[in-house]
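A closer look at the structure
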Amino acid sequence: MPGSLSIISAAFLIPLAVIISYYDVCYRRIPNPFVLATLIAGILINASFGGIHGAVSSLSGCLIGFTLMFVLHVFGAMGAGDVKLFAAIGALTGANLILPTFLIVTLTGGVLGVASMVRAGQLKFTMMRVFQILVGLLPGFQLPRFPVPVDRSYTIPYGVAITLGSLISLVIFRA
């Protein structure tokens, strides 16, 4: 049944990726109805294939996904919509795939981030901020808080990285 679960998950994730990417790129928002539909679909799909164990795995994936992204949100690196979206993706992938999915999403976001920095001509400025953050992590130093740029072309629509990375993860780890 893992093959069928992968096909159903992909059939749900592909249109979701298109819709979320469109909204996140154009409006910098991830609509809650799509997140809620993903959450419900994830729980139902996993419960139908794995019974109570599938439902528990789905809810655990949701909790782990929420926790991972919420930590980044607290530091200002992630929007609340991204946190909710990844929690819903966790419900779809389940607990056993949420950490590998997080890794792939992080790498995908890094690639998109570098491309965005180069496109905006902000590579040096951004690398200085990364250095300031790393110094802030050292004992005795304070972690800097940076304001969100007014010009959104300097930010990354992370919903794209989340959905694309989730699809890549699904292909790699469930195929």
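Residues numbered from 1 in each chain as written. Predicted model: local features only at pLDDT ≥ 70, side-chain atom pairs only at ≥ 80, totals over all residues. Heavy atoms only, no water.

1. Things to note about unusual backbone geometry
Heads up, the rule is: Numbering of helices and strands runs from the N terminus, with a helix taken as a DSSP run of H or I at least four residues long and a strand as a DSSP run of E at least two residues long.
Despite not being glycine, Arg-28 shows a phi value in the positive range, around 55 degrees. On the secondary structure map, Arg-28 appears in the loop between helix 1 (2-27) and helix 2 (32-74).

2. Focus on helix 4 (residues 95-120)
To keep it simple, the criterion reads: Given a helix with a known number of residues, its expected span is that number minus one, times 1.5 Å. Note on contacts: a residue pair is in contact if any heavy atoms of the two residues lie within 4.5 Å.
Taking 1.5 Å as the rise per residue, helix 4 with 26 residues should run 38 Å; its terminal C-alpha atoms sit 37 Å apart, in good agreement. Looking at the packing, one finds that the buried side of helix 4 touches helix 2, helix 3 (80-93), helix 5 (123-136) and helix 6 (158-174). Positive backbone phi, approximately 70 degrees, marks Gly-121, located one or two places after helix 4.

3. Some points on the side chain of Ser-57
Tracing the backbone shows Ser-57 in helix 2. Residues contacting Ser-57, with those up to four places away along its chain left out, are Gly-94, Ala-95 and Asn-96.

4. Overview of the packing of helix 2 against helix 3
As a reminder, the rule being used: Interaxial angle, 0 to 180 degrees, is taken between N-to-C directions of lines fitted to C-alpha atoms, where a helix line uses only the stretch in contact. Roughly parallel here means an angle under 35 degrees, roughly antiparallel means over 145, roughly perpendicular means 65 to 115, and every remaining angle is called oblique. Note: crossing handedness is left-handed where the near helix turns anticlockwise from the far helix by less than a right angle, and right-handed where it turns clockwise. Residues are grouped as follows: Ala, Val, Leu, Ile, Met, Phe, Trp, Tyr, Cys and Pro are nonpolar; Asp, Glu, Lys and Arg are charged; all remaining types, including Gly, are polar.
Helix 3 packs onto helix 2 with a crossing angle of 155 degrees between their chain directions and a minimal axis gap of 4 Å. Relative to helix 3, the element helix 2 is oriented roughly antiparallel. In this structure, helix 2 crosses over helix 3, and the sense of that crossing is right-handed. When its residues are assigned to classes, the contact of helix 2 with helix 3 shows 19 nonpolar, 9 polar and 2 charged.

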